[in-house]
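Residue-level listing of the chains:
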Amino acid sequence: MQARFQTRITELFGIEHPLLCGGLMWLADARYVGAVVNAGAMGFITPRSFPDLDAFRAQLADCQEITCGRPFGVNLYISGQANQNDRVDAWIEASLGAGVRHFETAGFSPSRWLPRLQAEGAVVIHKCTTIRHALRAERDGVDAVALVGHECGGHPGTNTLSAATLGSLAAEQLRVPFVLGGGMGTGSQLVSALSLGADGVLLGSRMLVSEEIWAHENYKNHLVDLDASSTTTVLSTFGKTYRCLDNEAARRVRDLEAQGISDFDAYRDLVRGEAARTAYETGDWSHGILSLGPAISFADTVEPAADIIQRFIHQAQHATERVGHLNPTHPGAR
Ligand SMILES: Cc1cc2nc3c(=O)[nH]c(=O)nc-3n(C[C@H](O)[C@H](O)[C@H](O)COP(=O)(O)O)c2cc1C
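To keep things clear, this report deals only with the structure shown in the data block. None of the values given here were measured: they were computed from a predicted structure.

### A word on the site of the ligand
And step 1. Neighbouring residues of the ligand: 20 residues in total, closest Gly23, Met25, Lys127, Gly183 and Ser205.
And step 2. One of the side-chain N or O atoms of asparagine 75 is found 2.9 Å from an oxygen atom in the ligand.
And step 3. In the model, an oxygen atom of the ligand is placed 2.7 Å from a nitrogen or oxygen of the glycine 183 main chain.
And step 4. When the ligand is considered free in solution it has 610 Å² of accessible area, and contact with the protein chains removes 93% of it.
And step 5. Looking at the shell around the ligand, its residues break down into eight nonpolar, 10 polar and two charged.

Structure below.
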């Protein structure tokens, strides 16, 4: 019988596979999240991607329809600038009102919003880049933690540790369930994460070639051609490290940083979020800081999210068998 992977995370999220597909700014909409949920994983709609509350509500309604009542999630990015969090309460109320009970928080501490969410029985997983922040989130009362290594697409923060190292440390120090993210693109990494003591993995970059991701096909076809050295980091000099596609915009930002320019105004046009959205719309990937990590190198075709997830699980089953065969008393051992 093929191995299934039941963990504290599959239980908490009511999912078949211990796979969480993290929020993707501009891209994690109802169609994408619905597809990963229907494939047995958990996905999170990113409210910041939509122009207003009505547009976000429409996404929630679409996702309910696509998933036929299966649980799906919402990503709440908590900014360090209080005025950037003005809409968080409204997103939470809209989500709870639509029956959402699974939230991925990221960025700064979600503690201010935990009582409201947990009073409604919601499950909150907080994404962190260091063990220190993970322990703080655990103390604050989150239900689970996602730890992302420096390989992750998006914001690895000031962390320089890999997902594997974070996983080994977390297994010794955390009590709440945790998943590992950063660089995850093939099923054997799930088995490796589970063997470290994690309860699942978090996917981001690998899923960008899903058919259900609305980005222009030129961009997705470009992603398929990339290898593990196609990403870079920018903005470390501002303490805001960002892992992204190594494109013209990223090179220009790196040049400014190398020149020691510390006035953020010089960077603003290059790094503004709308430039990334335009790149996804037009397929001209030279502009915008486009979140991306080396997990993209595992992608070799654009295909339905369900096919990516199914293959991931088959690879994990295969890895489990491979390890099992290393035991000389195993019936199938060579
Ligand atoms: C294109 C893209 C956009 C992202 N946007 C968000 C976001 O809006 N909020 C968030 O919490 N994480 C965001 N992330 C991070 C992912 O949710 C996830 O933590 C990360 O991609 C995992 O690492 P990986 O890319 O190596 O798989 C984004 C990642 C990518 C690749």
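### Some thoughts on the pattern of salt bridges
And step 1. Scanning the entire structure with this criterion turns up 16 salt bridges.
And step 2. Here arginine 116 and glutamate 93 are joined by a salt bridge, their closest N and O atoms 2.7 Å apart. Of this pair, arginine 116 sits in helix H5 (residues 114–119) while glutamate 93 sits in helix H4 (residues 88–97); the two residues are 23 residues apart in sequence, bridging distant segments of the chain.
And step 3. In this structure glutamate 93 comes out as partly exposed when scored by relative accessible area, which is 37%.
And step 4. One salt bridge connects arginine 251 with aspartate 246, and the closest N-O pair in it is separated by 3.5 Å.
And step 5. Classification of arginine 251 by relative accessible area gives partly exposed; the value is 40%.
And step 6. Residue aspartate 246 is classed as partly exposed on the basis of its relative accessible area, which comes to 27%.

Calculation notes
- Residues numbered from 1 in each chain as written.
- Predicted model: local features only at pLDDT ≥ 70, side-chain atom pairs only at ≥ 80, totals over all residues.
- Heavy atoms only, no water.
- Near = heavy atom within 4 Å.
- Polar contact = N/O pair within 3.5 Å; in protein donor to acceptor, adjacent residues only side chain to side chain.
- Areas by Shrake-Rupley, 256 points an atom, 1.4 Å probe, with all protein chains shown as cover.
- Nonpolar A, V, L, I, M, F, W, Y, C, P; charged D, E, K, R; others polar.
- Salt bridge = Lys/Arg side-chain N within 4 Å of Asp/Glu carboxyl O.
- Helix = DSSP H or I, 4+ residues; strand = E, 2+ residues; numbered from the N terminus.
- Buried < 20%, exposed > 50% of the residue type's maximum accessible area, 1.4 Å probe, protein only.

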